[in-house]
Amino acid sequence: MNGRKPAMQESLADWVRIPPGRFLMGSWDFYPDERPQHQRAVEAFDMSRTPVTNAQYAAFAAATGYVTLAERGLDRQDFPLRGIEELDPGSLVFTPPDGPVDLRDWRSWWSWVPGANWRHPLGPGSALLGLDEHPVVHIAYPDALAYAQWIGARLPTEAEYEWAASGGHAPLPYSWGRERDPDGVALANTWHGRFPYLNSSSDGWFGTSPVGMFPPNGFELYDSIGNVWEWTDDLYTSSHAAAAGIAPYESPVAVPSRVGSSEGADGIPRRVLKGGSHLSAPEHSLSYRPAARMGRAEDSASSDTGFRCVRTAGVDPDVEGRHDPGWHLRPNGP
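Residues numbered from 1 in each chain as written. Predicted model: local features only at pLDDT ≥ 70, side-chain atom pairs only at ≥ 80, totals over all residues. Heavy atoms only, no water.

**Observations concerning the packing of aromatic side chains**
Enumeration according to the criterion identifies 19 aromatic pairs in this entry. Seen from their ring centres, Tyr 174 and Tyr 288 are 5.9 Å apart, and the 10 degrees between their planes marks the pair as stacked. In this pair, Tyr 174 sits in the loop between α5 (158–166) and β7 (193–194) while Tyr 288 sits in the loop between β10 (270–274) and β11 (293–297), placing the two residues 114 residues apart along the sequence. Residue Tyr 288 is classed as buried on the basis of its relative accessible area, which comes to 3%. Chaining the aromatic ring pairs together yields one cluster made of Tyr 57, Phe 60, Tyr 66, Trp 118, Tyr 147, Trp 150 and Phe 307. Sitting over the face of the ring of Phe 30, Arg 289 holds its NZ or CZ atom 3.8 Å from the ring centroid. (Phe/Tyr/Trp six-rings, centres within 6.5 Å; stacked < 30°, edge-to-face > 60°. Helix = DSSP H or I, 4+ residues; strand = E, 2+ residues; numbered from the N terminus. Buried < 20%, exposed > 50% of the residue type's maximum accessible area, 1.4 Å probe, protein only. Lys NZ or Arg CZ within 6 Å of the ring centre and 35° of its normal.)

**Points about the side chain of Ser 48**
In this fold, Ser 48 is placed in strand β4 (residues 45–48). The exposure class assigned to Ser 48 is buried, which follows from its relative accessible area of 5%.

**What about the sheet that holds strand β1 (residues 15–18)?**
As a general point, the strands of a sheet are linked pairwise by backbone hydrogen bonds and lie either parallel or antiparallel. With antiparallel pairing, three strands are arranged side by side in an open sheet as β1-β4-β13. Of all the strands in the sheet, just β1 and β13 (310–312) have a single pairing partner and so form its edges. If you compare each strand with its neighbour and ignore which way they point, the axes differ by 30 degrees on average. Docked against the sheet, α5 engages β1, β4 and β13, running at close to 70 degrees with respect to β4. (Pairing = 2+ DSSP bridges. Axes fitted to C-alpha atoms, helices over the stretch in contact; angles between N-to-C directions. Contact = heavy atoms within 4.5 Å.)

**Quick word on the sheet that holds strand β12 (residues 305–306)**
In space, the four strands of this open sheet follow the order β11-β10-β9-β12, with mixed pairing throughout. Each of the sheet's edge strands pairs with one partner strand only, and the pair in question is β11 and β12. Looking at chain direction, β10 and β11 are connected through five bridges and run antiparallel. By the bridge assignment, Arg 271 is partnered in β11 with Arg 296. Lying on the sheet, helix α4 (residues 141–150) is in contact with β9 (229–235) and β10; it crosses β9 at an angle near 90 degrees. Of the strands in this sheet, β9, β10 and β11 touch α5, which is tilted by about 140 degrees from β9.

**Some points on unusual backbone geometry**
What is expected of a backbone is that most residues other than glycine have negative phi and most peptide bonds are trans. Cis geometry is adopted by the peptide bond preceding Pro 36, which originates at Arg 35 and carries an omega value of -10 degrees. In this fold, Pro 36 is placed in the loop between β2 (21–25) and β3 (38–42). That bond from Ala 170 to Pro 171 is cis: its omega, 10 degrees, falls within 30 degrees of zero. Tracing the backbone through its elements, the reader meets Pro 171 in the loop between α5 and β7. One non-glycine residue, His 138, lies in positive phi territory at about 60 degrees. One can find His 138 in the loop between β6 (110–114) and α4. One non-glycine residue with positive phi stands out, namely Asp 183, at about 55 degrees. For Asp 183, a relative accessible area of 78% puts it in the exposed group.

This is the structure:
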């Protein structure tokens, strides 16, 4: 594919300077949680050029002994409202049905798989052979935060991610302009075909793709939309109204329905995911856009969720001096 950039497996992060900017955040034209569109400003920061890869996360796990939530399971005392099966080690895995299903019911294509985690992305018996350069998945918010803190970084705010993902083109719908596939060329790893049962793989990939397989955006970031959803540090809200200081506005533009996450209905805080994934499809989720967002419980992991890191512009911390070598031994992570 055009734009191929080799993954830097030996590096914990390949930083790109994102310039300061003032931009229109959100959109009037798509989902209610993206409204109202409003002015936001961000200072300069550094962002990892790609999502964190399996090779990079493996280096972190080997150095620290960190065990992800999907690997260790959940404590009933900490998560009293979770079902019994959800407390066991495991994660959600995309499982395509044989034919059309009700798109209002996500259970039609997601299965809870005991033993699924970042080391075994499809469940027991699967492995990372040949996937070193793919983005790490089955990562919950604490797992992403632990890696970021270990390299002396943090997770991006939602505004930082949206500005960076736009490549300086906000508020255009896509990182590169107004069309999803200009001249018929796929510029990101998203779903092509009939969701969730038929993926034509016309973009070259059925699941995740190695980082850097598609052209970078205007800030030289790869996979800022598509491939995997990415964690941010912001708590999810049902709209941008509070940030904008104005009331939400109902756009007359009709769009496909999408099942969203309620705000803390089960008592678990939700964080904003950005960027969409290889499962984002027009008839179900028009989320392969910088303005798109989704709420996800902090303890949730799935086969289409990863992350990348940011740091204060120009700061190159002493990694060994910044992290606490004992935090990974605590039962609930950092």
